[in-house]
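One-letter residues, chain by chain:
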There are 4 protein chains.
Amino acid sequence: MAKITRKGIAFEKDQLSEFDRLIHKRGYTNRSEAIRDLIRNELVEEKKNNPEETMLATLTFIYNHHDHGIQHKLTDIQHKTPGLVRSSMHTHIDAHSCLEVLILEGKVKHITKLADSIISSKGVRHGKLVLTGIC
Amino acid sequence: MAKITRKGIAFEKDQLSEFDRLIHKRGYTNRSEAIRDLIRNELVEEKKNNPEETMLATLTFIYNHHDHGIQHKLTDIQHKTPGLVRSSMHTHIDAHSCLEVLILEGKVKHITKLADSIISSKGVRHGKLVLTGIC
Amino acid sequence: MAKITRKGIAFEKDQLSEFDRLIHKRGYTNRSEAIRDLIRNELVEEKKNNPEETMLATLTFIYNHHDHGIQHKLTDIQHKTPGLVRSSMHTHIDAHSCLEVLILEGKVKHITKLADSIISSKGVRHGKLVLTGIC
Amino acid sequence: MAKITRKGIAFEKDQLSEFDRLIHKRGYTNRSEAIRDLIRNELVEEKKNNPEETMLATLTFIYNHHDHGIQHKLTDIQHKTPGLVRSSMHTHIDAHSCLEVLILEGKVKHITKLADSIISSKGVRHGKLVLTGIC
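Here we summarise the structure given alongside this text. For clarity, every value in this text was computed on a predicted model and none was experimentally measured.

For chain A, the count of helices and strands is 4 helices and 5 strands. In chain A, the succession of helices and strands from N to C terminus is β-α-α-β-α-β-β-α-β. Relative to the compact-globule value of 14 Å for 135 residues, chain A shows a C-alpha radius of gyration of 20 Å, a clear excess of over 25%. In terms of overall dimensions, chain A has a C-alpha envelope of 60 × 35 × 25 Å along the principal axes. Burial analysis of chain A (135 residues in total) assigns 52% to the buried set. By sequence separation, contacts in chain A at least 24 residues apart represent 65% of the contacts at least 6 residues apart. If you sum the accessible surface of chain A, you get close to 6200 Å²; carbon and sulfur atoms cover 49% of it. One way to put it: in chain A the 21 positive side-chain charges average out to a point 3 Å from where the 17 negative ones average out.

Rendered as structure tokens:
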């Protein structure tokens, strides 16, 4: 478990009550938890800008499996940088379309390159990369 | 397969050659494909703003499985709105942390609510929602 | 001046030292100040999603002043919703291009509509809207 | 004026009619114009990631002018990198708060540094940087 330390923070009264309302709406039962999440988000955002940082990521994309050669190409790309793709999950949306999610781990520059290759493939429709990490 | 129609588009010469350079770097072999992807992104962005729209989504989050009651709570949340979670994938990051991805399908307002509940749970660290669709 | 209240917040030790490093890099001399800024950002993000909310905004756009009728059109749009545009600033970039910034105040739905009209005008190149407020 | 070149682009019929609906809603009268704007946005997004790129920017921020020494500090920061700030505009929001917009021109790394310094200043509340350019 992470070591916890307690610090006094100066809040503006009005802002704090607005914030308490917002986090209550989102389901938080604890103000410290909500503030730690804000901080974590900010740390993740910073790491994303460093191509050499090692991060986790998920790549979500939709593709048409009838598209000639697409599945072969997608497999090919995933094998080019061994160790980058940890696992993948696949779901059928309709007669033509699949949604696939990859869990990736590696340097930001390698993750981005793989995501670009997949999203730019003919047959791949919308694709989005989420970078995350343990901060 | 989607029906294709060919239209003449007026480009600025300099901008077009800059764009061709950018999409080549990202791996596109075809300019029409890249433009269709830009359009699709824009359509997805618009749909995300409508709470009543039916969309697909993935929710990526990291949590500490040692946190008391967390797995029970996460399962509980996912069962509250039946049919919203299509499937999930789980991977171990280190001794404490797991990364989980859910594939969701439903109205934007329901997807957002479930994502808020999970991200605000004690024990859940960084979480990010990706909304997508077939446009 | 805003009324200040001091609260104890539980931080994870490692995360806190990472955060202290980040905010020091950005120029903060005070941790409470940095946390209040994070909270404010989050509150602004929430308000932006409510079309009826009254907010402040700036609209930045670049346009080619040689484009026939563009200045007349831009003035026209700004006068359609009286009271929305508080002030504007203009700067010359090169022989053809101007950068203009408008300060806007009004309901999110009116601000967005005006921004869409300007950005979609022939002759207007890149445009970006920033919504802000006193939270 | 930019040199124009006409190219045939292959669209999916359904996607194109969705796109036409969206751009009509936003006020575009011309499909080519809307596509050029999408491309420009994408080129600007790419340039933002290169610290050495020369770009234009606007920095929007709100501050409390009663805060001791704030105006002196803001002026100081703006003079540290001569030539970076092209012009500024100021507006009074209420008895305490001002909204200020700076137009900046310079390398991305210098623009970002100045924005960080201002946003992290005590007394400065919400701040947002928009990077733009002529693409």
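What follows covers the relation of the copies chain C and chain D. Overlaying chain C with chain D gives an RMSD of 0.0 Å, the required rotation being 180 degrees about an axis along which the chain moves by 0.0 Å. Both copies are brought into coincidence by an operation consistent with a two-fold rotation axis. Measuring from the rotation axis to each C-alpha of chain C, the shortest distance belongs to C:Met89, at 3.4 Å. With an isologous cut-off of 70% or more, the 100% of interface residues of chain C that recur at the interface of chain D puts this contact in the isologous class.

Attention shifts here to the pattern of salt bridges. When the charged atoms of two side chains with opposite charge come close together, those side chains can pair. Under the definition given, this model contains 60 salt bridges over all chains. The partner of B:Glu42 in a salt bridge is D:Arg26, and the shortest N-O contact between them spans 2.9 Å. Of this pair, B:Glu42 sits in helix H2 (residues 31-48) while D:Arg26 sits in helix H1 (residues 13-26), which puts the two residues in different chains. Looking at B:Glu42, the relative accessible area reads 21%, which means it is partly exposed. The exposure class of D:Arg26 is partly exposed, given its relative accessible area of 23%. Each member of the salt-bridge network shares a partner with another, and the members are A:Glu12, C:Glu33, C:Arg36, C:Asp37, C:Arg40 and D:Arg125.

It is worth spelling out the packing of helix H2 (residues 31-48) of chain A against helix H2 (residues 31-48) of chain C at this point. For the pair H2(A) and H2(C), the least separation of the axes is 10 Å and the interaxial angle reads 90 degrees. By the angle class used here, H2(A) and H2(C) are roughly perpendicular. Here H2(A) contributes A:Ile35, A:Leu38, A:Ile39 and A:Glu42 to the contact with H2(C), which in turn contributes C:Ile35, C:Leu38, C:Ile39 and C:Glu42. Partitioning the contact of H2(A) with H2(C) into residue classes produces 6 nonpolar, no polar and 2 charged.

Here we take up helix H3 (residues 70-80) of chain B. All names here are of chain B. When we look at burial in H3, the residues that qualify are Ile70, Leu74, Ile77 and Gln78. Down the axis of H3, the smallest arc covering the buried residues is 95 degrees, so these residues share one side. Exposed and facing more than 90 degrees away from the buried side of H3 are His72, His79 and Lys80. Where H3 is buried, its residues meet strand S2 (54-64), strand S3 (85-92), strand S4 (97-107), helix H4 (108-119) and strand S5 (124-132).

Attention shifts here to the sheet that holds strand S3 (residues 85-92) of chain A. As a general point, the strands of a sheet are linked pairwise by backbone hydrogen bonds and lie either parallel or antiparallel. Residue and element names in this part refer to chain A. The 4 strands are arranged S3-S4-S2-S5 in an open sheet whose pairing can be described as antiparallel. Both outer strands of the open sheet, S3 and strand S5 (124-132), are each paired with one neighbouring strand and no more. For this sheet the average axis-to-axis angle between neighbouring strands, irrespective of direction, equals 15 degrees. Pairing between strand S2 (residues 54-64) and strand S4 (residues 97-107): 11 bridges, direction antiparallel. Paired with Asn64 across the bridge in S4 is Ser97. Taken strand by strand, helix H3 (residues 70-80) contacts S2, S3, S4 and S5, and its axis lies near 175 degrees from that of S2.

A few words on the interface of chain B and chain A. In this assembly, 46 residues from chain B lie in contact with 46 residues from chain A. Carbon and sulfur atoms supply 58% of the area that chain B and chain A bury against each other, a total of about 4000 Å² over both sides. For the chain B face of the interface with chain A, the top three residues by lost area are B:Met89, B:Arg125 and B:His126, together amounting to 16%. Where chain B packs against chain A, one counts 14 residue pairs in polar contact (both at pLDDT 80 or more). Those elements that place two or more of their residues in the side of chain B that touches chain A are H2, S2, S3, S4, H4 and S5 of chain B. Here the side of chain B that touches chain A takes 7 residues from S5(B), the largest share from any one element. Among the residues making up the side of chain B that touches chain A, the classes are represented as 16 nonpolar, 18 polar and 12 charged.

At the junction of the two partners, chain C supplies 46 residues and chain D supplies 46 residues. When the buried surface of chain C facing chain D is broken down by residue, C:Met89, C:Arg125 and C:His126 rank first, second and third, together holding 16% of it. For the pair chain C and chain D, the interface holds 15 residue pairs in polar contact (both at pLDDT 80 or more). Looking at the side of chain C that touches chain D, the elements that each hand over two or more residues are H2, strand S2 (54-64), strand S3 (85-92), strand S4 (97-107), helix H4 (108-119) and strand S5 (124-132) of chain C. When residues in the side of chain C that touches chain D are grouped by element, the largest group, 7 residues, is from S5(C). A class-by-class count of the residues in the side of chain C that touches chain D yields 16 nonpolar, 18 polar and 12 charged.

Our focus in this paragraph is the relation of the copies chain B and chain A. The transform that puts chain B on chain A rotates by 180 degrees and translates by 0.0 Å along the axis, for an RMSD of 0.0 Å. Of the interface residues in chain B, 100% have counterparts in chain A that sit at the interface too, so the contact is made through matching surfaces.

All names here are of chain B. As for its position among the elements, Met55 is in strand S2. In this structure, the C-alpha to C-alpha distance between Met55 and Ile111, residues 56 residues apart in sequence, is 8.5 Å. In this structure, Met55 is in contact with Val44, Lys47, Lys48, Leu104, Glu105, Gly106, Val108, Ile111, Leu131 and Thr132, ignoring residues within four places of it in sequence.

Reading guide: rules and limits
Residues numbered from 1 in each chain as written. Chains lettered and ligands numbered in written order. Predicted model: local features only at pLDDT ≥ 70, side-chain atom pairs only at ≥ 80, totals over all residues. Heavy atoms only, no water. Helix = DSSP H or I, 4+ residues; strand = E, 2+ residues; numbered from the N terminus. Rg over C-alpha atoms; globule rule 2.2 N^0.38 Å. Buried < 20%, exposed > 50% of the residue type's maximum accessible area, 1.4 Å probe, protein only. Contact = heavy atoms within 4.5 Å. Areas by Shrake-Rupley, 256 points an atom, 1.4 Å probe, with all protein chains shown as cover. Lys, Arg positive; Asp, Glu negative; His and termini not counted. Charge placed at Lys NZ, Arg CZ, Asp CG, Glu CD. Least-squares fit on C-alpha atoms with pLDDT ≥ 70 in both. Salt bridge = Lys/Arg side-chain N within 4 Å of Asp/Glu carboxyl O. Axes fitted to C-alpha atoms, helices over the stretch in contact; angles between N-to-C directions. Parallel < 35°, antiparallel > 145°, perpendicular 65-115°, else oblique. Nonpolar A, V, L, I, M, F, W, Y, C, P; charged D, E, K, R; others polar. Arc of directions from axis to C-beta. Pairing = 2+ DSSP bridges. Buried area = accessible area lost by both parts, 1.4 Å probe. Polar contact = N/O pair within 3.5 Å; in protein donor to acceptor, adjacent residues only side chain to side chain.

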